[in-house]
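Structural description and commentary
Residue-level listing of the chains:
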Amino acid sequence: MTASIIHQERQVNAISELDDIDSLVAVYWPRVLRYVTFSIGDSDLAQTITQDCFLKAYKGRESFRGECAVSTWLIGIANNLIRDQLRLKKFQFWRKASATSLDITEMASFLPSDESSPEARLLVRERTEQVKAALELLSVNQRRVFLLRFFEGLNIEEIAETTGMPVNTVKTHLYRGITAIRASLGEKA
Amino acid sequence: MSSIRQGHLTDDQFAECAIVAPSPESEAHLRECFQCRAELARFTSSMDDFSRAAFGWSEAQPSVSLRAVANPAPSRTWFIPATWAVTAAVVAAIGIPMMKHHERQPAAPSETTLADVQDDSDAQIAEDNRLMRSVNMAIGVNDPSPLREYGLQTSPRLRLKKVSGLRSE
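Residues numbered from 1 in each chain as written. Chains lettered and ligands numbered in written order. Predicted model: local features only at pLDDT ≥ 70, side-chain atom pairs only at ≥ 80, totals over all residues. Heavy atoms only, no water.

Attention now goes to the pattern of salt bridges. Residue and element names in this part refer to chain B. All told, the structure shown has eight salt bridges over all chains when counted by the stated rule. In this structure, the salt-bridge partner of R52 is D49, at a minimum N-O distance of 2.9 Å. A residue pair is termed a helical-turn pair when its members lie 3 or 4 positions apart in one helix, as R52 and D49 do in helix α3 (residues 34-60) at three residues. Looking at R52, the relative accessible area reads 37%, which means it is partly exposed. (Salt bridge = Lys/Arg side-chain N within 4 Å of Asp/Glu carboxyl O. Helix = DSSP H or I, 4+ residues; strand = E, 2+ residues; numbered from the N terminus. Buried < 20%, exposed > 50% of the residue type's maximum accessible area, 1.4 Å probe, protein only.)

Right, dumping it as structure tokens:
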């Protein structure tokens, strides 16, 4: 099967999937909201951006060519909306406020409970908070790139395409993010 | 690829391991170095935990329904002409029968007719007076006057005017 046929098939499936906006939201909302929230660090604004993202995707569903997964396409739209927000003055506060924290507490409380020991759970909780704290020290662009890699599993080229950044910039952001997380985890390891 | 320094992975090598995959050189080192292997494992598992926790938080957020926003009610540009059409039909349904009914009614008396009534001819007045006298006499014969019954006296001329209502010619 050629690549074009695969794309066509994926496009047909995706367009029928995109036709029902409530189903689209049910499937992809948590993923997009997670990415947007942890990219910009403002859960209220993230809700608005995520909502706009789905509306934009639904209205422009005919333009989806099936060249990537629906989730990647949605994340791309969300990225454009974040970029628009970054250009706005009202977003300056986030870039300037290095000490600003995400308004999400007790991240680890949202982890599914498993059979691990209380000590292991405590360690997971501690590390989750360390990653979160380290992410807050990154710039929005560094965070976006980092999250696209570690939340969405995109490779460097896909990140470059979806963010519109050069590949080398993506690599630099990733290295900085990883270095920051390593330092944070290493301090209390 | 830079060589492994101080017996451990460099930052670039570590990042490469975390982002893509270890190079053969890094892979060989990881097999031998417990410290680097443990750090890479700690980093990877921490990111997995953070990712799952963030997803759990996201899933816990109240869901939204965008159907109403995405599919607003169809444009009401048709609504205004339709309203006017209905209004016109109602006006026509009520107004046309009323007009027809009004046309069937006798015309209102014209000013000429009113003048004719007010200015009766002498013959008509005389006829009316004769009619009223006959009525007056009939009443006078069969029914006693209330004035007479209660003993009240009036002049015959006044009595005649009040009771008969005769018009002067």
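Picking up after the structure, the text goes on.
For the rest of this paragraph, the subject is a nonpolar patch on the surface. The grouping of V86, V90, I94 and M98 of chain B at the surface amounts to a nonpolar patch, some 390 Å² of accessible area in total. Assignment of secondary structure puts V90 of chain B in helix α5 (residues 79-104). (Patch = residues over 30% accessible without salt bridge, like charges linked within 9 Å, V, L, I, M, F, W, Y side chains within 5 Å. Areas by Shrake-Rupley, 256 points an atom, 1.4 Å probe, with all protein chains shown as cover.)

Contacts between the two partners involve 33 residues from chain B, matched on the other side by 42 residues from chain A. Counting the surface lost from both chain B and chain A, the interface buries some 3,600 Å², and carbon and sulfur atoms represent 69% of this. Connecting chain B to chain A are two salt bridges. One salt bridge connects E39 of chain B with R182 of chain A, and the closest N-O pair in it is separated by 2.9 Å. Secondary-structure elements contributing two or more residues to the side of chain B that touches chain A are α1 (11-19), α3 and α4 (67-70) of chain B. Among the elements that make up the side of chain B that touches chain A, the one with the highest residue count is α3 of chain B (18 residues). (Contact = heavy atoms within 4.5 Å. Buried area = accessible area lost by both parts, 1.4 Å probe.)

Before going further, it helps to spend a moment on the packing of aromatic side chains. The final tally for this structure, using the stated rule, is nine aromatic pairs over all chains. Geometrically, the ring pair formed by F38 of chain A and F50 of chain B is edge-to-face, given 5.5 Å between the ring centres and 80 degrees between the ring planes. Within this pair, whereas F38 of chain A is found in helix α2 (residues 21-40), its partner F50 of chain B is found in helix α3, the two belonging to separate chains. Residue F38 of chain A is classed as buried on the basis of its relative accessible area, which comes to 1%. When the ring of F38 of chain A is compared with that of W57 of chain B, the centres are 6.0 Å apart and the planes differ by 85 degrees; the resulting orientation is edge-to-face. Of this pair, F38 of chain A sits in helix α2 while W57 of chain B sits in helix α3, each in a different chain. Like W57 of chain B, F38 of chain A is buried. Every member of this aromatic cluster is reached through a ring pair, and the members are F38 and F151 of chain A together with F50 and W57 of chain B. Against the face of F151 of chain A rests R34 of chain A, its NZ or CZ located 4.3 Å from the ring centre. (Phe/Tyr/Trp six-rings, centres within 6.5 Å; stacked < 30°, edge-to-face > 60°. Lys NZ or Arg CZ within 6 Å of the ring centre and 35° of its normal.)

From the geometry alone we can't say anything about function, so treat these as descriptive.
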